[in-house]
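# Reading the structure
So you can see what is in the structure, the chains are spelled out below.
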Amino acid sequence: MNKTSTLFSLLLCASLAHAQIPEENRFRKVVLTENLNEPLELTVLPDERVLFIERHGTVKLYSPVSKKTTVIATIPVSTKYSDDSEAEDGLLGVNIDPNFSRNHWIYFYYSPAGSTPENILARYELKGNALDLASKKVILRIPVQRDNCCHTGGSIDWDAQGNLYLSTGDNTSPRASDGYAPIDERPGRSPFDAQKSSSNTADLRGKIIRIHPEADGTYTIPEGNLFPKNASGTYDPKTRPEIYTMGHRNPYRISVDRKNGYLYWGDVGPDAGKDSTGLGPAAEDEFGQARKAGNYGWPYFVGDNKAYWDFNFETKQSGEKFNPEKPVNNSPNNTGLTELPPAQKALIWYTAAETKRFPLLGSGGRSAMAGPVYYADQFKEAKRAFPAYYDKKLFIYEWMRDWIMAVTLSPKGDYVKMERFLPNLKLEHPIDMAFGPNGDLYILEYGQGWFMGNPESKLVRIEYNGGNRKPAVAATVDKKAGAVPFKAQFSSAGTEDFDKDTLQYQWKITPASGGTPVVLNEPNPAYTFKQKGIYKVLLTVTDSKGLKDSQSLTVQAGNEPPQVSLELTGGNKTFFFPGKPVHYKVNVSDHEDGSLEKNTITASKVKITAAYQDAEDKQAVNAGGHQEAPVTFTAGKTLIEKSDCKACHFVDKKSIGPAFKDVAAKYKADGNAVASLSDKIIKGGAGVWGETAMSAHPSIGLPEAGQMVKYILSLADEKQPARMLPPTGEVIAKIPDGGDAGKGIYKFIASYTDKGANGMPAQTTEKTLVLKNPTLLFGNADDASKNIMRFKMGENNLLIVTQPNTHAIFKSVDLTDITALDMVVAAPKDQLNAQGGMVEVHDGSPDGALLGKTEWIPPTDDASAFTSKTPPKPFHVPISPQTGTRDLYFVFKNDNAKGALFVPFSVTFVSK
């Protein structure tokens, strides 16, 4: 950057300092659909429908009119290696034609199912809400390697001239180069040599391709690509004319500025944890910018052209550093030019550690993604355009670190500064984003786990409100049911108006049977219910400009809910220990029925069970993995309990509406039940179960309704009834044959259903107590440092400690009777280049009282330490006698490490 541009940047920064950053509370995150299975890329249609893809081949379409997400097609794709393990292949990219309103064309980039190792760019036609698979036209085929591989790229975008840009990864395994340049030139080692792809001018991998698709399914080459025609009007056979930029590792998300034609991408970088003389620099991710065609250096350079050494994998000797001015590809795996274009620097670059050049990027895992450049004048007619503050800013984001940055650029495109966009916005690994015609920012969130359907994955919309904001309403009541008369205290605590307007409150209490509603005009009124019945309570809050919003509650008067207590009367209250007794006590009292202690409630009416539940059930406690059902069912049950559903439905008997079990039995075999019943929850309906109409619930979103339906349908799967227990006693915790000793839980449930009273339905109160297995997986920790990588191997969630002085937390752990901790930790040098270290256990904080620590955990070249089903011998850590619960911080230490330490698998709490 010269002195003039530097001065301009300083002046620009000074002027921007006076611009007011929009209030964060003017932005609203709206969840459109969730519980997705590896969503990858989205495109917003002109009518604001959102089309997005999932890696296993599913094409989905969200409609803003119906607020429904439907599967419109499934494209057969390859997603696995030959050994049946998960690959990065699949349905990878999607975008619509610039003339979509006229031709309805959609472009996909994917790995076709079958034995041919290739990825293809294909065009299909969208007819209404259906993708016409018969309309397929293959535009481009790219041969790939499917084993010993990764790095797919796959992002698609367009410029203003109708040129299509497609990113492709280097398709090269990094495993044999210790995280440095994969340039293994030994015979048979092509899968480990990126010189065959990224730096090969005759290969389309490791590139960003630019072509002009034609109506007949062919394409032409635009002017200005990297390798133009020669003087004779032909292309050099050692080049591919489709190449716009080369020298990429994994440019996973790209974006084209349609105003000036600049291309942006996020390149997911290598893995080396530190600089190494003779090999190369520490790994860096890049945000790149191309104002014209160029070579961006991989695998010879990274970041701002930091060079690798020409390492000989046969002799283990290092040659000269590569020269960014004159890079040379003399690999035997190269089929293109030997002398390459000069290497260009990245726009922004960063390592796993915090960088001085770009400190806002933070530290931790790295997965750079490039988003759009926002132009305010393109959204003049939009309903919710972003504020002019973001005009001409580039949005970049991080899949691992869960942030979005707004980058300010000079008119020439030089970097000026960056700032965090919505610092308090919670994200779950954003993997794509795009602005829609209404001015909203759409984001796909992949979820925390790799190669799995994550419950927290979702499609969301970020809406901006530049005017008056309606109040955010919160309504609660201290007692939702009781014997009459009973006094209920209503509260609007938490209600807020961000514009600081004066608010008016109206509580309307309406009997479900009809009658004159009671209206209370106070923020927090009390009301005594004197007549039996079911009441709908609606709180409406109106600001001084007339905007209003509401929230409703249901109160049932006439029958007091029972009181149930369930407690352990000794021993450890967090874990069960196989073969050892667990002592418990249950008590029940009911206003109308009496109490268990006074024998007016017979013990046989109190349902008490204690049962081991295996790994899939444990997911409901520590959510994660492919076991969608328990997580979804638990969430659905919670949503039902928080709604007004139980005023008309019971699980196992008919009320005003049908029993949930009857609904489940009726629709168990109906593949469309989730969609149809979700629609009924939201819109209401009648005629299936009798004359009584089901009320509409427009405030319930489609994802929530779907969770509720899935829970109801799960009730059709009858399980063997558990043995009923007496109110006081002990059980011996046993793991049944076939049970997973390292994952299961022991679950106590105590419930009582009263007899009903005064014509009101019976009320059920249930208490649950869960004892965890004494072996906890670190991958299921309650919390962990941001810069710890979460990974899934098989059915287990793992942590990979990529930096020292990080930690994992298990909260509210009872240490009563615990004498030691056995930790399984592996430092596989061969796979992770791990440097080893130790694990310290601290009480309450990373610097809290030291309860114990492992001996030094050395790195090992034994790959089985990471992959074997037989785990390494645990590290035994005795601890002094403790009582009570506390948060345990497992701190991972190695003050001299600059990269990965180890993989902590599990900790077992040993009882005396």
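See the structure shown above.
Right, let's walk through the structure included here. (Residues numbered from 1 in each chain as written. Predicted model: local features only at pLDDT ≥ 70, side-chain atom pairs only at ≥ 80, totals over all residues. Heavy atoms only, no water.)

## Observations regarding the sheet that holds strand β47 (residues 783-784)
Strand order in the open sheet formed by 5 strands is β47-β50-β55-β52-β53, and the pairing between neighbours is antiparallel. Where the open sheet ends on each side, the last strands, each with one partner, are β47 and β53 (849-853). (Pairing = 2+ DSSP bridges. Helix = DSSP H or I, 4+ residues; strand = E, 2+ residues; numbered from the N terminus.)

## A look at helix α5 (residues 660-667)
Of all the positions in α5, only F660, V663, A664 and Y667 are classed as buried. What you see down the axis of α5 is that its buried residues fit within an arc of 100°, all on one side. (Buried < 20%, exposed > 50% of the residue type's maximum accessible area, 1.4 Å probe, protein only. Arc of directions from axis to C-beta.)

## Remarks on the side chain of D267
By secondary structure assignment, the location of D267 is in strand β16 (residues 263-267). From its side chain, D267 meets the backbone nitrogen of N250 in a polar contact 2.6 Å long. Those residues in contact with D267 that sit more than four places away from it in its chain are H248, R249, N250, P251, D285, E286 and A368. (Polar contact = N/O pair within 3.5 Å; in protein donor to acceptor, adjacent residues only side chain to side chain. Contact = heavy atoms within 4.5 Å.)

## Focus on unusual backbone geometry
Residue P299 follows W298 across a cis peptide bond; omega there is 10°. Position of P299 relative to the elements: it lies in the loop between β18 (294-295) and β19 (301-302). With omega at -10°, the peptide bond leading from V484 into P485 counts as cis. As for its position among the elements, P485 is in the loop between β32 (481-482) and β33 (486-491). Positive phi values are uncommon outside glycine, yet K316 reaches one of about 65°. Looking at where K316 falls in the secondary structure, it is placed in the loop between β21 (309-312) and β22 (317-321). The backbone of K392 shows a phi angle near 70°, a positive value even though the residue is not glycine. On the secondary structure map, K392 appears in the loop between β24 (368-373) and β25 (394-398).

## A look at the nonpolar core
Membership of the largest hydrophobic core comes to 109 residues, with the highest contact counts inside it found for V59, F108, L121, F386, F395 and F421. Per element, the largest residue contribution to this core is 6 residues, and it comes from strand β7 (residues 105-110). F386 has contacts with F27, Y374, F395, F421, F435, G439, L441, I462 and Y464, leaving out every residue within four places of it along the chain. (Core = buried A, V, L, I, M, F, W, Y, C linked by side-chain atoms within 4.5 Å.)

## A short note on the pairing of strand β29 (residues 441-445)
Most of β29 is tucked away, with 5 of its 5 residues classed as buried. On β29, burial covers both faces: L441, I443 and E445 on one face and Y442 and L444 on the other are all buried. Bridge analysis of strand β28 (residues 430-435) against β29 gives 5 bridges, and the strand direction is antiparallel. Note that in β29 the partner of M433 across the bridge is I443. Between β28 and β29, which pair antiparallel and follow one another directly, the connecting turn spans 5 residues, one of which, G439, has a positive phi of 95°.

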